[in-house]
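Structural overview
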Amino acid sequence: MSRFAAPSGARQSGGRDIAQLIATARALRRKPVGRAASRGVVVGAVAVLLAGAGTSAVAAPGDPVVSGATVNSGHDVIVGITHNVVFPVTVTGSDDSGLSFADVDLKGPHGGFYTTDAFCETATACTTVFTANAHPAPGSDDPVDLANANAGTWSVDALVDANDGGSVFAPGVGSFSLKRAARLTVNASPEPVAKGSRITVTGKLVQANWDTYRYAGYAGRAVKLQFRPKGSSTYTTVATVKTRTTGALRTTVKAVRDGYWRWNFPGTATTGPAKAAGDYVDVRP
(Lines give C-alpha, C1' and ligand atoms only; values in the text may rest on other atoms or scores of the structure.)
Protein backbone atom coordinates (compact mmCIF):
# COMPACT_ATOMS: atom_id res chain seq x y z
CA MET A 1 0.00 0.00 0.00
CA SER A 2 1.30 3.45 -0.86
CA ARG A 3 2.03 5.80 1.98
CA PHE A 4 0.89 9.34 2.41
CA ALA A 5 3.08 11.61 0.34
CA ALA A 6 4.61 14.55 2.15
CA PRO A 7 2.91 17.89 1.52
CA SER A 8 4.49 19.97 -1.19
CA GLY A 9 5.95 22.34 1.38
CA ALA A 10 5.43 25.93 2.42
CA ARG A 11 4.32 28.22 -0.39
CA GLN A 12 4.11 31.99 -0.76
CA SER A 13 1.16 33.74 -2.41
CA GLY A 14 0.76 37.44 -3.12
CA GLY A 15 3.83 38.24 -1.01
CA ARG A 16 2.11 37.43 2.29
CA ASP A 17 3.47 35.13 4.96
CA ILE A 18 2.32 31.51 4.56
CA ALA A 19 1.13 31.32 8.19
CA GLN A 20 -1.17 34.29 7.61
CA LEU A 21 -2.57 32.67 4.44
CA ILE A 22 -3.31 29.42 6.26
CA ALA A 23 -5.02 31.26 9.11
CA THR A 24 -7.12 33.29 6.63
CA ALA A 25 -8.08 30.18 4.67
CA ARG A 26 -9.16 28.36 7.81
CA ALA A 27 -11.21 31.34 8.94
CA LEU A 28 -12.98 31.43 5.58
CA ARG A 29 -13.83 27.73 5.80
CA ARG A 30 -15.50 28.31 9.18
CA LYS A 31 -17.87 30.90 7.73
CA PRO A 32 -21.30 29.46 6.85
CA VAL A 33 -21.15 30.66 3.23
CA GLY A 34 -23.13 28.59 0.72
CA ARG A 35 -22.78 24.85 1.47
CA ALA A 36 -19.30 25.06 2.98
CA ALA A 37 -19.61 25.88 6.65
CA SER A 38 -16.40 23.92 7.21
CA ARG A 39 -14.22 21.36 5.48
CA GLY A 40 -15.62 18.56 7.65
CA VAL A 41 -19.20 19.52 6.79
CA VAL A 42 -18.37 19.49 3.06
CA VAL A 43 -16.80 16.04 3.16
CA GLY A 44 -19.60 14.58 5.27
CA ALA A 45 -22.32 16.02 3.05
CA VAL A 46 -20.62 14.74 -0.07
CA ALA A 47 -20.26 11.26 1.36
CA VAL A 48 -24.00 11.05 2.04
CA LEU A 49 -24.97 12.44 -1.35
CA LEU A 50 -22.59 10.17 -3.22
CA ALA A 51 -24.00 7.12 -1.49
CA GLY A 52 -27.50 8.01 -2.67
CA ALA A 53 -26.93 9.64 -6.05
CA GLY A 54 -23.54 8.55 -7.38
CA THR A 55 -22.71 12.03 -8.69
CA SER A 56 -19.13 12.93 -9.59
CA ALA A 57 -19.17 16.36 -7.95
CA VAL A 58 -21.52 18.11 -5.55
CA ALA A 59 -21.90 21.88 -5.75
CA ALA A 60 -24.63 24.31 -4.78
CA PRO A 61 -25.33 27.50 -6.75
CA GLY A 62 -22.53 29.94 -6.04
CA ASP A 63 -20.03 27.25 -5.03
CA PRO A 64 -16.86 26.76 -7.08
CA VAL A 65 -16.93 24.41 -10.05
CA VAL A 66 -14.14 21.89 -10.76
CA SER A 67 -13.70 21.26 -14.48
CA GLY A 68 -10.82 18.78 -14.54
CA ALA A 69 -7.38 17.68 -13.40
CA THR A 70 -4.17 17.20 -15.38
CA VAL A 71 -1.47 14.91 -13.98
CA ASN A 72 2.19 15.19 -15.03
CA SER A 73 1.26 17.40 -18.00
CA GLY A 74 -0.75 14.52 -19.45
CA HIS A 75 2.10 11.98 -19.37
CA ASP A 76 2.29 8.66 -17.53
CA VAL A 77 4.10 8.70 -14.20
CA ILE A 78 6.91 6.13 -14.48
CA VAL A 79 8.83 5.12 -11.36
CA GLY A 80 12.00 3.05 -11.09
CA ILE A 81 13.83 1.88 -7.97
CA THR A 82 16.57 4.45 -7.41
CA HIS A 83 15.14 7.97 -7.55
CA ASN A 84 12.11 9.87 -6.35
CA VAL A 85 9.74 10.95 -9.10
CA VAL A 86 8.21 14.40 -8.64
CA PHE A 87 5.15 15.32 -10.71
CA PRO A 88 2.51 18.08 -10.70
CA VAL A 89 -1.26 17.76 -10.55
CA THR A 90 -3.20 20.80 -11.72
CA VAL A 91 -6.87 21.10 -10.81
CA THR A 92 -8.82 23.61 -12.88
CA GLY A 93 -12.16 25.23 -12.20
CA SER A 94 -13.96 28.49 -11.65
CA ASP A 95 -15.75 30.66 -9.09
CA ASP A 96 -16.99 34.24 -9.06
CA SER A 97 -14.51 35.05 -6.29
CA GLY A 98 -11.68 32.91 -7.69
CA LEU A 99 -10.26 29.63 -6.43
CA SER A 100 -8.05 29.82 -3.33
CA PHE A 101 -7.03 26.38 -2.05
CA ALA A 102 -7.15 22.71 -3.06
CA ASP A 103 -6.76 19.38 -1.29
CA VAL A 104 -5.88 16.67 -3.81
CA ASP A 105 -5.99 12.90 -3.25
CA LEU A 106 -4.58 10.31 -5.65
CA LYS A 107 -6.07 6.82 -5.32
CA GLY A 108 -4.74 3.69 -7.01
CA PRO A 109 -5.06 -0.10 -7.12
CA HIS A 110 -4.75 -2.12 -3.90
CA GLY A 111 -5.01 0.86 -1.58
CA GLY A 112 -2.50 3.13 -3.29
CA PHE A 113 -2.90 6.62 -1.85
CA TYR A 114 -1.21 10.02 -1.89
CA THR A 115 -2.50 13.34 -0.60
CA THR A 116 -1.28 16.92 -0.50
CA ASP A 117 -2.61 20.47 -0.86
CA ALA A 118 -1.67 23.91 -2.11
CA PHE A 119 -2.84 27.47 -2.52
CA CYS A 120 -4.06 28.17 -6.05
CA GLU A 121 -1.65 30.02 -8.32
CA THR A 122 -4.47 31.65 -10.32
CA ALA A 123 -8.19 32.19 -9.95
CA THR A 124 -8.85 29.10 -12.09
CA ALA A 125 -5.94 26.72 -11.45
CA CYS A 126 -4.46 25.00 -8.40
CA THR A 127 -1.23 23.01 -8.80
CA THR A 128 -0.02 20.56 -6.18
CA VAL A 129 3.23 18.58 -6.34
CA PHE A 130 3.54 14.89 -5.47
CA THR A 131 6.61 12.73 -4.87
CA ALA A 132 6.51 8.98 -5.52
CA ASN A 133 9.27 6.52 -4.73
CA ALA A 134 9.86 2.78 -4.77
CA HIS A 135 13.26 2.57 -3.17
CA PRO A 136 14.34 2.16 0.45
CA ALA A 137 15.28 5.29 2.37
CA PRO A 138 18.29 4.71 4.65
CA GLY A 139 17.39 4.73 8.32
CA SER A 140 13.65 5.00 7.73
CA ASP A 141 11.01 2.82 9.39
CA ASP A 142 8.71 3.48 6.44
CA PRO A 143 11.13 3.28 3.52
CA VAL A 144 8.97 2.89 0.44
CA ASP A 145 5.76 4.28 -1.01
CA LEU A 146 4.93 1.81 -3.75
CA ALA A 147 4.39 -1.92 -4.20
CA ASN A 148 4.02 -3.75 -7.52
CA ALA A 149 0.27 -4.11 -6.95
CA ASN A 150 -0.13 -0.32 -7.00
CA ALA A 151 0.81 -0.02 -10.69
CA GLY A 152 -2.06 0.81 -13.04
CA THR A 153 -4.76 3.44 -13.39
CA TRP A 154 -5.12 6.01 -10.60
CA SER A 155 -7.91 8.52 -10.00
CA VAL A 156 -7.86 12.10 -8.76
CA ASP A 157 -10.20 13.54 -6.10
CA ALA A 158 -10.18 17.27 -5.34
CA LEU A 159 -11.67 19.40 -2.56
CA VAL A 160 -11.46 23.01 -3.74
CA ASP A 161 -12.10 26.22 -1.79
CA ALA A 162 -13.00 29.63 -3.20
CA ASN A 163 -11.95 33.03 -1.88
CA ASP A 164 -15.50 33.72 -0.64
CA GLY A 165 -15.52 30.56 1.53
CA GLY A 166 -17.43 28.27 -0.81
CA SER A 167 -16.14 24.72 -1.30
CA VAL A 168 -16.83 21.77 -3.55
CA PHE A 169 -15.68 18.15 -3.53
CA ALA A 170 -15.04 16.56 -6.94
CA PRO A 171 -14.26 12.82 -6.80
CA GLY A 172 -12.82 11.17 -9.89
CA VAL A 173 -12.14 14.50 -11.59
CA GLY A 174 -9.13 13.03 -13.40
CA SER A 175 -7.07 9.89 -13.92
CA PHE A 176 -3.58 8.83 -14.93
CA SER A 177 -1.33 5.78 -15.26
CA LEU A 178 1.34 5.05 -12.66
CA LYS A 179 3.80 2.55 -14.16
CA ARG A 180 6.89 0.55 -13.33
CA ALA A 181 9.99 1.58 -15.27
CA ALA A 182 11.49 -0.76 -17.90
CA ARG A 183 14.96 -1.03 -19.45
CA LEU A 184 16.26 -2.65 -22.63
CA THR A 185 19.71 -3.67 -23.86
CA VAL A 186 20.87 -4.71 -27.35
CA ASN A 187 23.86 -6.34 -28.98
CA ALA A 188 24.22 -7.12 -32.68
CA SER A 189 27.07 -9.38 -33.82
CA PRO A 190 29.33 -10.19 -35.51
CA GLU A 191 30.56 -6.76 -36.49
CA PRO A 192 31.81 -6.04 -39.04
CA VAL A 193 29.95 -8.54 -41.17
CA ALA A 194 29.92 -9.48 -44.85
CA LYS A 195 26.93 -8.26 -46.87
CA GLY A 196 24.26 -10.93 -47.09
CA SER A 197 25.48 -12.77 -44.01
CA ARG A 198 23.28 -13.19 -40.96
CA ILE A 199 23.78 -11.39 -37.70
CA THR A 200 22.43 -12.30 -34.27
CA VAL A 201 20.68 -9.59 -32.30
CA THR A 202 20.29 -10.20 -28.56
CA GLY A 203 19.07 -8.14 -25.64
CA LYS A 204 17.16 -8.18 -22.40
CA LEU A 205 14.00 -6.51 -21.13
CA VAL A 206 13.77 -5.83 -17.42
CA GLN A 207 11.22 -3.98 -15.29
CA ALA A 208 11.40 -2.30 -11.91
CA ASN A 209 10.26 -4.57 -9.08
CA TRP A 210 8.84 -2.25 -6.42
CA ASP A 211 8.68 -5.11 -3.91
CA THR A 212 12.37 -6.08 -4.06
CA TYR A 213 13.93 -2.76 -5.15
CA ARG A 214 15.59 -4.48 -8.14
CA TYR A 215 15.15 -4.77 -11.88
CA ALA A 216 14.02 -8.23 -12.98
CA GLY A 217 13.46 -9.95 -16.34
CA TYR A 218 10.08 -9.26 -17.96
CA ALA A 219 8.89 -12.51 -19.57
CA GLY A 220 6.47 -13.13 -22.42
CA ARG A 221 6.45 -9.58 -23.79
CA ALA A 222 6.42 -8.69 -27.49
CA VAL A 223 9.39 -6.47 -28.38
CA LYS A 224 10.08 -4.94 -31.78
CA LEU A 225 13.47 -5.31 -33.48
CA GLN A 226 14.12 -2.13 -35.44
CA PHE A 227 16.76 -0.99 -37.95
CA ARG A 228 17.97 2.50 -38.91
CA PRO A 229 20.23 2.77 -41.98
CA LYS A 230 23.38 4.83 -41.73
CA GLY A 231 22.58 8.46 -42.58
CA SER A 232 18.89 8.07 -41.72
CA SER A 233 16.99 9.22 -38.62
CA THR A 234 14.11 6.75 -38.97
CA TYR A 235 13.84 3.29 -37.45
CA THR A 236 11.79 0.59 -39.20
CA THR A 237 10.43 -2.53 -37.51
CA VAL A 238 12.03 -5.68 -38.93
CA ALA A 239 10.63 -8.34 -36.59
CA THR A 240 8.72 -8.84 -33.34
CA VAL A 241 10.14 -11.20 -30.73
CA LYS A 242 8.77 -12.35 -27.37
CA THR A 243 10.98 -12.25 -24.30
CA ARG A 244 11.99 -15.52 -22.64
CA THR A 245 11.42 -16.31 -18.97
CA THR A 246 14.46 -14.24 -18.00
CA GLY A 247 13.47 -11.33 -20.22
CA ALA A 248 16.11 -12.34 -22.80
CA LEU A 249 15.67 -11.58 -26.51
CA ARG A 250 17.36 -13.27 -29.46
CA THR A 251 16.85 -13.45 -33.22
CA THR A 252 18.86 -13.57 -36.46
CA VAL A 253 18.51 -11.27 -39.46
CA LYS A 254 20.31 -10.74 -42.76
CA ALA A 255 22.82 -7.89 -42.91
CA VAL A 256 22.19 -5.81 -46.02
CA ARG A 257 23.69 -2.39 -45.26
CA ASP A 258 25.40 -0.35 -42.58
CA GLY A 259 23.17 0.82 -39.80
CA TYR A 260 21.87 0.65 -36.23
CA TRP A 261 19.85 -2.12 -34.57
CA ARG A 262 17.71 -1.67 -31.47
CA TRP A 263 14.90 -3.25 -29.46
CA ASN A 264 11.74 -1.23 -28.81
CA PHE A 265 9.19 -2.16 -26.11
CA PRO A 266 5.90 -0.19 -26.30
CA GLY A 267 4.97 -0.75 -22.64
CA THR A 268 1.84 -2.12 -20.97
CA ALA A 269 -0.91 -0.84 -18.70
CA THR A 270 1.42 -1.24 -15.69
CA THR A 271 4.92 -0.94 -17.18
CA GLY A 272 6.44 1.97 -19.07
CA PRO A 273 8.00 1.79 -22.56
CA ALA A 274 11.70 1.26 -23.21
CA LYS A 275 14.06 1.62 -26.17
CA ALA A 276 17.62 0.35 -26.40
CA ALA A 277 20.31 2.60 -27.80
CA GLY A 278 21.12 1.61 -31.39
CA ASP A 279 24.01 -0.84 -31.91
CA TYR A 280 25.91 -0.03 -35.12
CA VAL A 281 26.90 -2.82 -37.51
CA ASP A 282 29.39 -2.21 -40.32
CA VAL A 283 28.44 -4.26 -43.40
CA ARG A 284 31.35 -4.99 -45.74
CA PRO A 285 30.96 -5.76 -49.49
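Here the structure is a predicted model, which means the values were calculated and not measured.

**Brief notes about the overall build of the protein chain**
Scanning the protein chain for helices and strands turns up two helices and 19 strands. Taking all 285 residues of the protein chain together, 45% fall into the buried category. Across the protein chain, the fraction of contacts at a sequence separation of at least 24, relative to all contacts at a separation of at least 6, is 65%.

**Overview of the packing of aromatic side chains**
Inspection of the entire model under this criterion finds eight aromatic pairs. Ring centres of Phe 87 and Phe 176 lie 6.0 Å apart, and the angle between their planes is 45 degrees; on these two criteria the pair is classed as tilted. In this pair, Phe 87 sits in strand E3 (residues 85-94) while Phe 176 sits in strand E8 (residues 167-180), placing the two residues 89 residues apart along the sequence. For Phe 87, a relative accessible area of 2% puts it in the buried group.

**Remarks on the pattern of salt bridges**
Taken as a whole and assessed by the stated rule, the structure comprises three salt bridges. For the salt bridge of Lys 179 with Asp 76, the shortest nitrogen-to-oxygen distance reads 3.0 Å. On the criterion of sequence distance, the pair formed by Lys 179 in strand E8 and Asp 76 in the loop between strand E1 (65-71) and strand E2 (77-79) is long-range, its members being 103 residues apart. The class of Asp 76 is partly exposed, set by a relative accessible area of 33%.

Criteria and cut-off values
Residues numbered from 1 in each chain as written. Predicted model: local features only at pLDDT ≥ 70, side-chain atom pairs only at ≥ 80, totals over all residues. Heavy atoms only, no water. Helix = DSSP H or I, 4+ residues; strand = E, 2+ residues; numbered from the N terminus. Buried < 20%, exposed > 50% of the residue type's maximum accessible area, 1.4 Å probe, protein only. Contact = heavy atoms within 4.5 Å. Phe/Tyr/Trp six-rings, centres within 6.5 Å; stacked < 30°, edge-to-face > 60°. Salt bridge = Lys/Arg side-chain N within 4 Å of Asp/Glu carboxyl O.

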